[in-house]
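Overview (structure and organization)
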Amino acid sequence: MTSRPRLITSIPFWILLVGSLAATVAGGWIALTKVTTMVAGLTAQNATTADVYGGQSWIVIGGALLGAGLIGLVATLALAVLRALVAPAPDVEVVEPLAFADDGDDAAVPEDAALPAEDAASEPHGSIPASPASEDRTQATPVR
């Protein structure tokens, strides 16, 4: 059973978080600086057309970056909450292998143990053993 990695060690999670923070900061900075520049130029009545019309376009770009960054931060928060609510995968119990008497120690096998009449290793792999004798004392031939 594979275990899921912890969220704090997930590289895509950190890329989403850092990218969202960067987009939020960059968008907010662009929008804020262009608004203050445009307001200062309009109140002083020396704003050029490039300041007014170009500033509006930059404010829209900054607002879009700000919105995308905030959506990314909300997605990061939602992912962290969902990961915390999901129960961790149960630990797999490791079972020790059974000890067999094939290690050359004949003392583990009782002396009066009956050995099988036919050796299973002598049959070819995948062969079907013959069926028991039927009522008319004939044996069925195995199908190959």
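As shown above, the structure is provided for reference.
Now for a look at the structure at hand. (Residues numbered from 1 in each chain as written. Predicted model: local features only at pLDDT ≥ 70, side-chain atom pairs only at ≥ 80, totals over all residues. Heavy atoms only, no water.)

**Considerations on the overall build of the protein**
Along the backbone of the protein there are two helices and zero strands. The buried share among the 144 residues of the protein stands at 12%. Taking the contacts inside the protein whose residues are at least 6 apart along the sequence as the reference set, 70% of them involve residues at least 24 apart. When the accessible surface of the protein is totalled, it reaches about 12,100 Å², and 66% of it is carbon and sulfur. (Helix = DSSP H or I, 4+ residues; strand = E, 2+ residues; numbered from the N terminus. Buried < 20%, exposed > 50% of the residue type's maximum accessible area, 1.4 Å probe, protein only. Contact = heavy atoms within 4.5 Å. Areas by Shrake-Rupley, 256 points an atom, 1.4 Å probe, with all protein chains shown as cover.)

**What to know about the environment of glycine 19**
Residue position: glycine 19 is located in helix H1 (residues 11-43). Separated by 50 residues in sequence, glycine 19 and glycine 69 have C-alpha atoms that sit 7.5 Å apart.

**Considerations on the packing of aromatic side chains**
This model, assessed by the stated rule, comprises one aromatic pair. Taking 5.6 Å as the distance between ring centres and 80° as the angle between the ring planes, the aromatic pair formed by phenylalanine 13 and tryptophan 14 counts as edge-to-face. On the basis of relative accessibility, which here comes to 36%, the residue tryptophan 14 falls in the partly exposed class. (Phe/Tyr/Trp six-rings, centres within 6.5 Å; stacked < 30°, edge-to-face > 60°.)

**Quick look at a nonpolar patch on the surface**
A cluster of nonpolar side chains, Leu77, Val81, Leu82 and Leu85, forms an exposed patch at the surface whose accessible area comes to about 430 Å². Here valine 81 is to be found in helix H2 (residues 49-85). (Patch = residues over 30% accessible without salt bridge, like charges linked within 9 Å, V, L, I, M, F, W, Y side chains within 5 Å. Salt bridge = Lys/Arg side-chain N within 4 Å of Asp/Glu carboxyl O.)

**Topic: H2**
Look at H2: 54 Å from first C-alpha to last across 37 residues, which is about the 54 Å you get at 1.5 Å a residue. The largest bend in H2 comes to about 25°, at glycine 55. When we look at burial in H2, the residues that qualify are Val52, Gly55, Gly62, Gly69, Gly72 and Thr76. On its buried face, H2 is in contact with H1. (Expected span 1.5 Å × (residues − 1). Bend = angle between axes of the 7 residues up to and from the residue.)

**A few points about the packing of H1 against H2**
At a closest axis distance of 7 Å, the pairing of H1 and H2 adopts a crossing angle of 155°. The angle between H1 and H2 falls in the class roughly antiparallel. As H1 runs across H2, the sense of the crossing is left-handed. The class makeup of the residues in the contact of H1 with H2 is 19 nonpolar, 11 polar and two charged. (Axes fitted to C-alpha atoms, helices over the stretch in contact; angles between N-to-C directions. Parallel < 35°, antiparallel > 145°, perpendicular 65-115°, else oblique. Left-handed = near helix turned anticlockwise from the far one by under 90°. Nonpolar A, V, L, I, M, F, W, Y, C, P; charged D, E, K, R; others polar.)

**Details of the side chain of threonine 24**
Mapped onto the secondary structure, threonine 24 falls in helix H1. According to the relative accessible area criterion, threonine 24 is buried, its value standing at 15%. In contact with threonine 24, other than residues within four places in its own chain, are Leu65, Leu66, Gly69, Leu70 and Leu73.

The values reported here are purely geometric and, on their own, carry no functional implication.
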